[in-house]
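A closer look at the structure
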Amino acid sequence: MTIEQAKKDLISLGAKLSAYNHANALIYFDGATTAPKGTAQNRAQTLSVLGEESYKLSTGEETVKLLEFLDSNKEQLSVEEQRIVYLMLKDIREMQKIPLEEYIEFQKLMVEADDVWHTAKENDDFALFEPVLEKVFNFHKKIANWCAPDKDPYDYWLDNYETGLSKARCDEFFATLRSRIVPLLKKISDKPQLDDSCIYGDFSIDKQSELSDYLMRLMKIDINHCGLQTTEHPFTISFGSHHDVRITTNYKKENFVSSLYSVVHEGGHALYDLNSKDEYAYTVLDGGVSMGIHESQSRFYENLIGRSREYIEYIFPKIKELFPHQMENYTADDLYKAVNKVQPSLIRIEADELTYCLHIMVRYELEKRIFAGELSVHDLPKEWNNLYKEYLGIDVPNDKQGVLQDSHWSGGNIGYFPSYALGSAYGAQFLKKMKETVDVEKCISEGNFEPINNWNKEHIWKYGSLFTPTELLENALGEKFDPSVFTDYLEEKFSKLYNL
C-alpha cells in the first residue's frame with residue numbers, strides 16, 4: 001500500500017462512517033421530535049443493525065491495518081491527517097474493548113431509556129424510569145471498566161466529554177465558583193427583588209415561532225443548513241457534516257423568554273457546528289472538539305450576549321411588535337432586569353445566569369456518588385431534593401420538576417453536566433479576549449453579529465476538532481484558563497443590577 005492510496009482510503013472510510021452517523025442521528029432526531037410514541041421498538045431495531053455495521057467497519061481488520069499503516073508513516077501526513085488518524089485509532093482501540101453484543105445491547109438500551117424517560121417525565125413517575133436508569137448507569141460503569149480498567153470510571157466519562165477533565169479538576173473548579181457565587185447570592189437575597197412580570201402572560205406560539213426565526217437570522221445562522229423544531233427538551237444535533245445541523249426549542253405560552261433563550265443557546269451550538277473548515281466535512285475533525293468548548297459557545301450567545309443590556313434594547317422593538325398588548329406598559333429596561341433576575345429555581349434550563357452553576361453542581365455530586373457506590377439510583381430523587389434545598393434553598397414539589405427534568409441520563413450523557421459550568425467560564429474568558437479587538441457592545445447595539453461571529457470563527461469554530469480543548473483555549477486566549485474571569489464578570493454585572 002502506498003501513502004497516497006492510504007490517504008484516499010482514509011477519506012473513503014471517513015465518508016462511510018459519517019454516513020452511519022448521519023443515519024443514526026436522523027433516527028434519534030425523529031424519535032425526539034415527530035415520531036409517534038409507539039415506534040421506539042422499530043428505531044431500536046434499526047439502530048441495532050446500524051450499530052453492528054458501524055462497529056464492524058470501525059474496528060474491522062482492514063480499518064485497523066489502514067490506520068496503523070498511516071500512523072507508522074505519520075511524518076508523511078499533514079497535521080490534519082495526523083489528528084484524524086490519532087482520533088480514529090483512539091476510538092477504535094476503545095471500541096475494540098467493548099464486546100460487539102454488548103455494544104449492540106447498549107444501542108437498544110439508549111432507545112428504550114429515551115422512550116421511557118419521556119413517558120416517566122410526562123406522568124411524574126420516577127419508579128417507571130428507575131430500572132432503566134439503573135441499567136444505564138451500570139452499563140456506563142461496565143464500558144469504563146472495559147475501556148480504561150486502570151482509571152476511575154467516572155473520570156473516564158468526564159474525560160470522554162472534556163479531554164483531561166477529572167473529579168479532582170472538577171472539585172477544584174466548582175470550589176472556586178462556590179466560594180464566589182454563594183456569598184454574592186447571599187448579598188442579592190438581602191436586596192429588593194427585580195420585577196419580572198413582563199415575561200409572563202399569554203404569548204401566542206405562532207408569534208413566538210416568528211421571534212425564533214428573527215433571532216436565528218439576527219445571529220447570522222444559515223437557515224438553509226439549520227432547521228428548528230420543537231421537543232420536550234431543547235437540543236442541537238449535527239447530521240454527520242457541518243452542512244446539516246438542527247436545533248430544537250420548547251414553547252411555553254405563559255413565558256416567551258423560555259423559548260427565546262433556548263433558541264439563542266442552541267443557536268450558539270449550531271454556529272459552532274456550521275463553521276468548521278469545509279475540508280473537515282465527513283471526517284472526525286468536523287464539529288466541536290469537546291462539550292466544554294461547545295457549551296462555551298451556547299452559553300456565550302445565551303448569556304454574555306443574549307442577556308446584555310445592548311441585546312435586550314436591540315430586540316425589544318421586535319418583541320413589542322409581536323406582543324403589543326402584553327408589552328404595552330413595559331420598557332426595554334424592564335425586560336433587561338426581568339431576564340437577569342436572580343432567583344433560585346427548580347428548572348436548570350430556565351435558571352438565572354448566577355445560580356445556573358449550582359444546578360450543575362447538584363448533578364455532578366449525584367453522578368460522582370453513584371459511580372463511587374455511595375448513592376443508589378433508587379435514592380436519587382430524595383438526594384436530588386436534599387441538594388436543591390442545601391444549594392438553592394428551595395423545595396422540589398415533584399420528580400417531573402426535579403430528577404426527571406433533564407434528558408441527559410436517558411440519552412447516556414453521563415459526565416456531560418460539568419461541561420455547562422466549564423463552558424460558561426470559558427465563554428467569559430473568550431469575551432474578555434474578544435473585547436481587545438472587537439467593540440462588542442457597539443456591535444450588539446447595532447445588531448451587527450458579523451464581527452463577533454468572525455472572531456469566534458477565526459479563533460474557535462474553524463478548527464473543529466483539530467486541537468485538544470486546552471490547546472484551543474490557550475491558542476485563542478494567549479493564556480491559561482482562569483475561572484476567576486467568570487466570577488469577576490458575575491460580580492461586576494450583578495453588583496450593578498442589584499446596587500450592591
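Residues numbered from 1 in each chain as written. Predicted model: local features only at pLDDT ≥ 70, side-chain atom pairs only at ≥ 80, totals over all residues. Heavy atoms only, no water.

Points about helix α8 (residues 167-189)
The following threshold applies: Working definition: helices are DSSP H or I runs of at least four residues, strands are E runs of at least two. Numbering for both runs from the N terminus. In a helix, the anticipated span is given by 1.5 Å times the number of residues less one. The angle separating two fitted axes, one through the seven residues that finish at a residue and one through the seven that start at it, defines the bend at that residue. For the exposure calls, accessible area comes from a 1.4 Å probe over protein chains only, and a residue counts as buried if that area is under 20% of its type's maximum, exposed if over 50%, partly exposed in between. Only heavy atoms enter the contact rule, under which two residues are in contact if any of them lie within 4.5 Å.
With 23 residues, α8 should cover 33 Å at 1.5 Å per step; its first-to-last C-alpha distance of 31 Å lies within 8% of that length. Of all the bends in α8, the largest measures some 25° and sits at Arg178. Along α8, the residues that are buried comprise Cys170, Phe173, Phe174, Leu177, Ile181, Leu184, Leu185 and Ile188. Buried residues along α8 sit against α7 (153-161), α14 (356-371), α16 (418-434) and α20 (484-497).

Let's talk about the packing of helix α10 (residues 256-274) against helix α12 (residues 309-322)
Helix-helix packing: each pair is described by the crossing angle between the helix axes and the interaxial distance. For clarity, the threshold we go by: Each axis is a line fitted through C-alpha atoms, and for a helix only the stretch in contact is used; angles between axes span 0 to 180 degrees, taken between their N-to-C directions. These descriptions rest on fixed angle ranges, namely under 35 degrees for roughly parallel, over 145 for roughly antiparallel, 65 to 115 for roughly perpendicular, and the rest for oblique. Should the near helix be turned counterclockwise from the far one by less than a right angle, the crossing is left-handed, whereas a clockwise turn marks it as right-handed. By the convention adopted, Pro, Cys, Tyr, Trp, Phe, Met, Ile, Leu, Val and Ala count as nonpolar, Lys, Arg, Asp and Glu as charged, and the other residues, Gly among them, as polar.
Where α10 contacts α12, the axes come no closer than 14 Å and their chain directions differ by 125°. As judged from the angle between their axes, α10 and α12 are oblique. When you trace α10 past α12, the crossing you get is right-handed. Each of Phe256, Leu260, Tyr261 and Val264 in α10 lies in contact with α12, whose residues at this interface are Tyr311, Ile312, Ile315 and Ile319. Among the residues forming the contact of α10 with α12, the class breakdown is 8 nonpolar, no polar and no charged.

Observations concerning the layout of surface pockets
What counts, and what does not: A cavity here means a set of 1 Å grid points, computed over protein atoms only, where a 1.4 Å probe fits but cannot escape. A pocket is an open set with protein on both sides within 12 Å along at least 5 of 7 lines, and lining residues have an atom within 4 Å of a point. Grid points are joined across faces, edges and corners, and a volume is the space filled by probe spheres set on the points.
Volume-wise, the second largest pocket comes out at about 590 Å³. Lining the second largest pocket are 19 residues, with Leu431, Lys435, Glu441, Tyr489 and Glu492 positioned closest to its centre. Within the residue set of the lining of the second largest pocket, elements represented by two or more residues are α12, α16, α17 (440-445) and α20. Within the lining of the second largest pocket, the residues separate by chemical class into 9 nonpolar, 1 polar and 9 charged.

Brief notes about the environment of Phe430
Its location among the elements puts Phe430 in helix α16. Residue classification places Phe430 among the buried residues on the basis of a relative accessible area of 0%. Expressed as a C-alpha distance, the spacing of Phe430 and Asn340, which sit 90 residues apart in the sequence, is 21 Å. Ignoring any residue separated from it by four or fewer positions in sequence, one finds Phe430 in contact with Ser296, Gln297, Trp455, Ile460, Leu473, Ala476 and Leu477.

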